[in-house]
Amino acid sequence: MEAKIRRQQAMVETRRAMVLDAAKVVFAKVGLERASMREIAKQAGYTPGALYAYFSGKQELLAALLDDMLRRLQEVVLLAKAPKGRSELGVVTKGQAWLAFFISQPREMELALSLLVGTGTLRVSPEISRALHIQVRKTLDPVGAVLLAMGATPRQVEVEMESLLAHGLGLLLSQDASRLQSSEQSPEALFAGYLQDLERRYQLPAPSDAPAKRVPVAAPQVDLFGQDRSS
C-alpha cells in the first residue's frame, strides 16, 4: 500500500513539474499577464480542466513557479563565496549574487515583481502574498548568517534583512522601468554601495594593543532615497 501511495505521489509531482515547465514556455512567449491556463494546458498536453487537479488557478501556479525560482536563488546566494581570506566581505559577495540572479533572468524578475510588489495587473491573495514575502526574505538568510558571525544580534539581522529586501526590490523595480541609465546609477552599483555600508556597520574595529570586546552598533539606516529611518 505504501509503495502504491509513493508511486502516486511521484506521478503527481512529475505531472506538476510538467505543467510548470509548460507554464515557463508560455510565459516566455506571451508574458505573464497574457498567459492563460488554457494555453498552459495545451502546451503541457492536458485539457484545461485537468490542470485544476494540480493547481487551483493561475495564482497558485505562479506562486509555485516563484517558489521553485526562490529555491534556486537561495542556493546561489548560499554558494557565493567571498575572496579567500576576506570572509568579512561575505555580505557584499552574497548580496551581489542575490541581485545578479534577478537581473540576469528578466522573466523571473518579472514574475517576482508581479507577485511580490504587484506590478502590472497581476494580483495575488493576501495569504499568498504573505507566504511569498516570507519565502523571498529567506533567500537573504545567508547574508544574515554572515552578519551574525560578525557579531550582530538576531534582532539587528532581522531589521537589516527586511531593509535589504526592500532596497533590493526597489532597485529591481527601477531596473524594470529603465529609470537608471548611467553605470554609477545602475542597480548593481547602488546595491553594492548599500551592501558595503551595511558591512561596515558590523565590522571589527581596527586592531589595538589591548583586545577589546566588540559590541556591534548599527549606524543610522537610510532608505532608497537617502532619508534617515532610524529616528
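Refer to the structure presented above.
Because the structure is a prediction, the values reported are computed rather than measured. (Residues numbered from 1 in each chain as written. Predicted model: local features only at pLDDT ≥ 70, side-chain atom pairs only at ≥ 80, totals over all residues. Heavy atoms only, no water.)

Draft legend 1. Representation of the overall build of the chain in the model. What the chain contains, in helices and strands, is 10 helices and zero strands. Listed by position from the N terminus, the elements making up the chain come as α-α-α-α-α-α-α-α-α-α. Within the chain, contacts between residues separated by at least 24 positions form 65% of all contacts whose residues are at least 6 apart in sequence. Within the structure as shown, the chain displays about 13,200 Å² of accessible surface, and the carbon and sulfur contribution to it stands at 56%. (Helix = DSSP H or I, 4+ residues; strand = E, 2+ residues; numbered from the N terminus. Contact = heavy atoms within 4.5 Å. Areas by Shrake-Rupley, 256 points an atom, 1.4 Å probe, with all protein chains shown as cover.)

Draft legend 2. Molecular detail of the nonpolar core. Residues Leu-61 and Trp-98 are the most contacted members of the largest nonpolar core, which totals 58 residues. Element by element, the count of residues in this core is highest for helix H4 (residues 58-79), at 10 residues. Residues contacting Leu-61, with those up to four places away along its chain left out, are Val-19, Leu-20, Ala-23, Phe-27, Met-37, Ile-40 and Phe-55. (Core = buried A, V, L, I, M, F, W, Y, C linked by side-chain atoms within 4.5 Å. Buried < 20%, exposed > 50% of the residue type's maximum accessible area, 1.4 Å probe, protein only.)

Draft legend 3. Just the environment of Val-159, in detail. Mapped onto the fold, Val-159 is located in helix H9 (residues 154-176). Between the C-alpha atoms of Val-159 and Gly-144, which are 15 residues apart in sequence, the distance is 10.0 Å.

Draft legend 4. View of the environment of Val-92. Following the sequence through the fold, Val-92 ends up in helix H5 (residues 90-103). Along the sequence, Val-92 and Tyr-194 sit 102 residues apart, while their C-alpha atoms lie 8.8 Å from each other. When residues no more than four places from it in sequence are discounted, the contact partners of Val-92 are Leu-195, Gln-196 and Glu-199.

Draft legend 5. Quick look at the packing of H5 against helix H8 (residues 141-149). The contact between H5 and H8 brings their axes to 9 Å, and the two run at 175°. Classed by the angle they form, the pair H5 and H8 counts as roughly antiparallel. Touching Gly-90, Val-91, Lys-94 and Gly-95 of H5 are Pro-142, Val-143, Val-146 and Leu-147, all from H8. Partitioning the contact of H5 with H8 into residue classes produces five nonpolar, two polar and one charged. (Axes fitted to C-alpha atoms, helices over the stretch in contact; angles between N-to-C directions. Parallel < 35°, antiparallel > 145°, perpendicular 65-115°, else oblique. Nonpolar A, V, L, I, M, F, W, Y, C, P; charged D, E, K, R; others polar.)

Draft legend 6. How the structure looks around the environment of His-167. Tracing the sequence through the fold places His-167 in helix H9. Here His-167 falls in the buried class, since its relative accessible area comes to 8%. Between the C-alpha atom of His-167 and that of Phe-191, which follows or precedes it by 24 residues, the distance is 7.7 Å.

Draft legend 7. Quick peek at the packing of H5 against helix H10 (residues 187-201). Where H5 meets H10, the closest approach of the two axes is 9 Å, and the angle between their N-to-C directions is 155°. In this view, H5 runs roughly antiparallel relative to H10, as classed from their interaxial angle. Considering the relative orientation of H5 and H10, their crossing is right-handed. Contacts between H5 and H10 involve Gly-90, Val-91, Val-92, Gly-95, Gln-96, Trp-98, Leu-99 and Ile-103 from the first element and Pro-187, Glu-188, Phe-191, Ala-192, Leu-195, Gln-196, Leu-198 and Glu-199 from the second. (Left-handed = near helix turned anticlockwise from the far one by under 90°.)

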